[in-house]
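Observations on the model geometry
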Amino acid sequence: MTVKELIAERGNLCEICHKRQATEAHHCLYRRDIHVPMLNQKENLQLVCRVCHGDGSADSWKNRVSFWNEQVKRYGYEHMCDWHDRVPYKIKQRFTD
């Protein structure tokens, strides 16, 4: 999914600060892995501005929790749990290490 597609769906404000224009997609719940294309799906991508992406705000635990809750509102709890269940175990394990 591209930044333009996400902006068309969610609007153009940063999903962290809600002040500046979003210009980038952040892999929020799980970091990008070129071998796992599902991590580039909208369930894992957060629209962010350059400031929030670069200052550490995007990588905080608080942001991940907030993003998960927002995604549940957007797509539904069952959908997000199904998506999460399909994330390969090796990716989940890397996240907890």
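Anyway, here's the lowdown on the structure attached to this text. Quantities reported herein were computed from a predicted structural model and do not represent experimental measurements. (Residues numbered from 1 in each chain as written. Predicted model: local features only at pLDDT ≥ 70, side-chain atom pairs only at ≥ 80, totals over all residues. Heavy atoms only, no water.)

Applying the stated rule across the entire model yields 1 aromatic pair. On the basis of an interplanar angle of 45° and a centroid distance of 6.3 Å, the ring pair of Tyr30 and Trp83 is categorised as tilted. With Tyr30 in the loop between strand 1 (24-27) and strand 2 (45-48) and Trp83 in helix 4 (residues 77-86), the pair connects residues that are 53 residues apart, well separated along the chain. On the basis of relative accessible area, Tyr30 is assigned to the buried category, the value being 7%. (Phe/Tyr/Trp six-rings, centres within 6.5 Å; stacked < 30°, edge-to-face > 60°. Helix = DSSP H or I, 4+ residues; strand = E, 2+ residues; numbered from the N terminus. Buried < 20%, exposed > 50% of the residue type's maximum accessible area, 1.4 Å probe, protein only.)

Listed in full, the 12 residues of the largest apolar core are Cys28, Leu29, Tyr30, Val36, Met38, Leu39, Phe67, Tyr75, Met80, Trp83, Val87 and Ile91. Only helix 3 (61-75) and helix 4 provide two or more residues apiece to this core. Sequence-distant contacts of Val36, that is, excluding residues within four places in its chain, are made with Pro88, Lys90 and Ile91. Ranked by size, the runner-up nonpolar core spans 5 residues in total, among them Cys14, Cys17, Val48 and Cys52. (Core = buried A, V, L, I, M, F, W, Y, C linked by side-chain atoms within 4.5 Å. Contact = heavy atoms within 4.5 Å.)

Inspection of the secondary structure puts Lys92 in helix 5 (residues 89-96). Sequence separation of Lys92 and Leu29 is 63 residues, and the distance between their C-alpha atoms is 9.8 Å. Setting aside residues up to four positions removed in sequence, Lys92 forms contacts with Tyr30, His84, Asp85 and Val87.

Right, let's get into unusual backbone geometry. At His18, a residue that is not glycine, the phi angle is positive and equals roughly 60°. Here His18 lies in the loop between helix 1 (3-10) and strand 1. The exposure class of His18 is exposed, given its relative accessible area of 53%.

With respect to the helices and strands, the residue Glu15 is situated in the loop between helix 1 and strand 1. A polar atom in the side chain of Glu15 sits 3.0 Å from the side chain of Arg10. Only 2.6 Å separates the side chain of Glu15 from the backbone nitrogen of Leu47, close enough to count as a polar contact. Discounting residues that sit within four places of it in the chain, Glu15 has contacts with Arg10, Leu45, Gln46, Leu47 and Arg74. (Polar contact = N/O pair within 3.5 Å; in protein donor to acceptor, adjacent residues only side chain to side chain.)

Quick look at the pattern of salt bridges now. Note on pairing: side chains with opposite charge can pair once their charged atoms come close. A complete count under the given rule lists 6 salt bridges for this structure. With a shortest N-O distance of 3.0 Å, Glu15 and Arg10 are connected by a salt bridge. The exposure classification of Glu15 matches that of Arg10, with both residues buried. Linked through salt bridges whose partners overlap, the residues forming this network are Glu9, Arg10, Glu15, Lys42 and Arg74. (Salt bridge = Lys/Arg side-chain N within 4 Å of Asp/Glu carboxyl O.)

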